[in-house]
Amino acid sequence: MQPVPYFQFRDFPAGLEAQVQQALLDTVAGRQYVLGPQVEAFEREFAAYLSAGAAVGVGNGYDALVIALKALGVGAGDEVVLPVHTFIATVNAVLQVGATPILAEPDKYTYNLTAETAARHITPKTKAILAVHLYGQVCQMEELQRLAQSQRIKLLEDAAQAHGATYKNKYAGSMGDAAAFSFYPTKNLGALGDAGAVVTFDETLEAFARKYRNYGESQKYNSEQVGINSRLDELQAAALRAKLQHLEAMNRERQRLAQVYLQELQNTGDLILPQTAPHCGHVYHIFNILTKYRNELQAYLQEQGVGTAIHYPVPAHLQPAYTFLGHRAGDFPVAEELARTSLSLPLFPGLTEVEQQRVVEKVKAFFGR
Ligand SMILES: *Cc1c(COP(=O)(O)O)cnc(C)c1O
């Protein structure tokens, strides 16, 4: 039997691959390769999709975080509260602007940062809260917005895993002072290489991001501020425009696949399945399950030809590169438990019924032994 990959690019919905190829060819023929009509159109269409003020295309999700933090005025001497259970880019971006990352425990059920935990870490030095919408589920934003407003600090969303995810009928990326998106190929909206965007309603932040990504230029060779080169590529923008039209369909397929797992795997061994919090429309960037037999289950599935992944095996505070933050094992028991027990199952648009049933059958077989 064919192995089931953890992730694979598939032509879903059928015909999308051809549309992307055509968009690339058209862009080549258009002969405008940097900050041209494709980037402009994608920025407009993505902002409209999110019902946000504006989107500014940048080189990748990490740069989107860094540029958003800079736009919000976060720098040396400032503290930024963020979840310890996240992809390392979130922590890195805070360090890049010279600020101090203040790590906080995730919620046990949603794995996300909550206002209650974030509040414990607010000090006079806190400049911003960086809320990560992990695995495709938006944080409880109203509480976070209230906390940020009452403390007069900024709220930044890391929406890299949450394209199209909703909270109270609003899209991830439209609820903070600013948001950072990644379009890394495997994300729910993925380019054919690196790409990202800063999203905001604030015209001052938008103007800063527009200039900063392009050497601080307002016009060619007119540098109003110090900047960098982190422009969204014209070819990537063309691919993203084609795929954005199918984002809802791709997310619906992720949700359908998730429902199958939720149905089929309930009451299996000691498995804890992902929960959807109140007011949230989960888009299952990652479908993770928890079990204390994680390592054994992963090895068994591997043997049986089923690919899995772990998000994330070592929490940020225990990564060798971040020991200088001064944390120890035991500082974040929830995050450490997630690192020990979390396993991500194959879930991507185009995963077939036969493949998914194989995954279900093998997981059940493991616990039935
Ligand atoms: C993917 C990701 C990023 C970084 O995006 P890149 O485009 O790879 O730089 C940041 N934060 C989170 C939560 C992510 O999942």
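Residues numbered from 1 in each chain as written. Predicted model: local features only at pLDDT ≥ 70, side-chain atom pairs only at ≥ 80, totals over all residues. Heavy atoms only, no water.

With an unreviewed UniProt entry as reference, the protein is termed DegT/DnrJ/EryC1/StrS aminotransferase, source organism Pontibacter flavimaris. Per its UniProt entry, the protein bears the Sequence similarities (unreviewed entry) comment "Belongs to the DegT/DnrJ/EryC1 family." (UniProt positions renumbered as here; feature names shortened; annotations may be inferred.)

A. Structural context of the pairing of strand β5 (residues 154-158). Among the 5 residues of β5, 4 are classified as buried, and the element is accordingly described as predominantly covered. Across 5 bridges, strand β4 (residues 126-132) lies against β5 in parallel orientation. If you follow alanine 128 over to β5, its bridge partner there is lysine 154. Where the polypeptide runs from β4 across helix α6 (residues 141-151) and back to β5, its parallel neighbour, the crossover connection is right-handed. Of the strand pairs in this sheet, β5 and strand β8 (residues 178-182) are connected by 3 bridges, and their pairing is parallel. What sits directly across from glutamate 157, in β8, is alanine 179. (Buried < 20%, exposed > 50% of the residue type's maximum accessible area, 1.4 Å probe, protein only. Helix = DSSP H or I, 4+ residues; strand = E, 2+ residues; numbered from the N terminus. Pairing = 2+ DSSP bridges. Right-handed = clockwise from strand over helix to strand, strands pointing away.)

B. Fine view of the site of the ligand. The full set close to the ligand counts 14 residues, and Gly61, Asp158, Gln161, Ser182 and Lys187 are the nearest of them. Measuring from a nitrogen atom of the ligand, one finds a side-chain N or O atom of aspartate 158 at 2.8 Å. Side-chain polar atom of glutamine 161 to an oxygen atom of the ligand: 2.9 Å apart, as the coordinates give it. When isolated, the ligand has an accessible area of 380 Å², and the protein chains bury 91% of it. Mapping the ligand onto the cavity grids shows that it belongs to the largest pocket. Those elements giving two or more residues to the shell around the ligand turn out to be α3 (61-71) and α4 (88-96). Here the shell around the ligand is composed, by residue class, of 6 nonpolar, 6 polar and 2 charged. (Near = heavy atom within 4 Å. Polar contact = N/O pair within 3.5 Å; in protein donor to acceptor, adjacent residues only side chain to side chain. Areas by Shrake-Rupley, 256 points an atom, 1.4 Å probe, with all protein chains shown as cover. 1 Å grid on protein atoms, 1.4 Å probe; cavity = no way out; pocket = protein on both sides within 12 Å on 5 of 7 lines; lining within 4 Å. Sits in = over half its atoms within 2 Å of the grid points. Nonpolar A, V, L, I, M, F, W, Y, C, P; charged D, E, K, R; others polar.)

C. Structural context of unusual backbone geometry. With an omega of -10°, the peptide bond running from phenylalanine 12 to proline 13 counts as cis. Topologically, proline 13 is positioned in the segment before α1 (16-30). Each neighbour pair has its own omega, and for histidine 311 with tyrosine 312 the value is 5°, a cis peptide bond. Within the secondary structure, tyrosine 312 sits in the loop between α10 (294-303) and α11 (333-341). One non-glycine residue, arginine 31, lies in positive phi territory at about 60°. Relative to the elements of secondary structure, arginine 31 occurs in the loop between α1 and α2 (37-50). The backbone phi angle of asparagine 267 is positive, close to 60°, even though this residue is not glycine. Position of asparagine 267 among the secondary structure elements: in the loop between α9 (247-264) and β12 (280-281).

D. Highlighting the environment of asparagine 188. Residue position: asparagine 188 is located in the loop between β8 and β9 (196-200). For asparagine 188, a relative accessible area of 3% gives the class buried. Distance from asparagine 188 to histidine 279, taken between C-alpha atoms, is 20 Å for residues 91 residues apart in sequence. Every residue in contact with asparagine 188, bar those within four places of it in the chain, is listed here: His163, Leu247, Met250, Asn251, Arg254, Val283 and His285. Separated by 2.9 Å, the side chains of asparagine 188 and asparagine 251 make a polar contact. (Contact = heavy atoms within 4.5 Å.)

E. Quick look at the layout of surface pockets. For the largest pocket, the calculated volume is near 700 Å³. Those elements that place two or more of their residues in the lining of the largest pocket are α3, α4 and β8. The residues that make up the lining of the largest pocket include at least three from each of domain 1 (16-104 + 111-244) and domain 2 (247-367). What the second largest pocket holds in volume is close to 380 Å³. Around the second largest pocket sit 21 residues that line it, and Phe9, Arg10, Phe12, Leu16 and Lys243 are the ones nearest its centre. The dominant element in the lining of the second largest pocket, judged by the number of residues it contributes, is α1, at 4 residues. When the residues that make up the lining of the second largest pocket are grouped by side-chain class, the tally is 10 nonpolar, 5 polar and 6 charged. Both domains that furnish three or more residues to the lining of the second largest pocket are identified here as domain 1 (16-104 + 111-244) and domain 2 (247-367). (Points joined across faces, edges and corners; volume = space filled by probe spheres on them. Domains from an automatic or database assignment.)

F. Structural detail: α10. Looking at α10, one finds that the buried residues are Arg294, Leu297, Tyr300 and Leu301. Buried residues along α10 cover an arc of 130° about the axis, so they all sit on one side. Seen from the buried face of α10, the exposed residues on the opposite side, beyond 90 degrees, are Gln302 and Glu303. Packing partners of the buried residues in α10 comprise β13 (287-290), α11, β14 (342-345) and α12 (353-368). (Arc of directions from axis to C-beta.)

G. Quick peek at the UniProt feature "modified residue: N6-(pyridoxal phosphate)lysine" (unreviewed entry) in the protein. Under the local residue numbering, the UniProt record ascribes the feature "modified residue: N6-(pyridoxal phosphate)lysine" (unreviewed entry) to Lys187. Relative to the assigned elements, lysine 187 resides in the loop between β8 and β9. Excluding its chain neighbours within four sequence positions, the residues that come into contact with lysine 187 are Ala160, His163, Ser182, Arg254 and His285.

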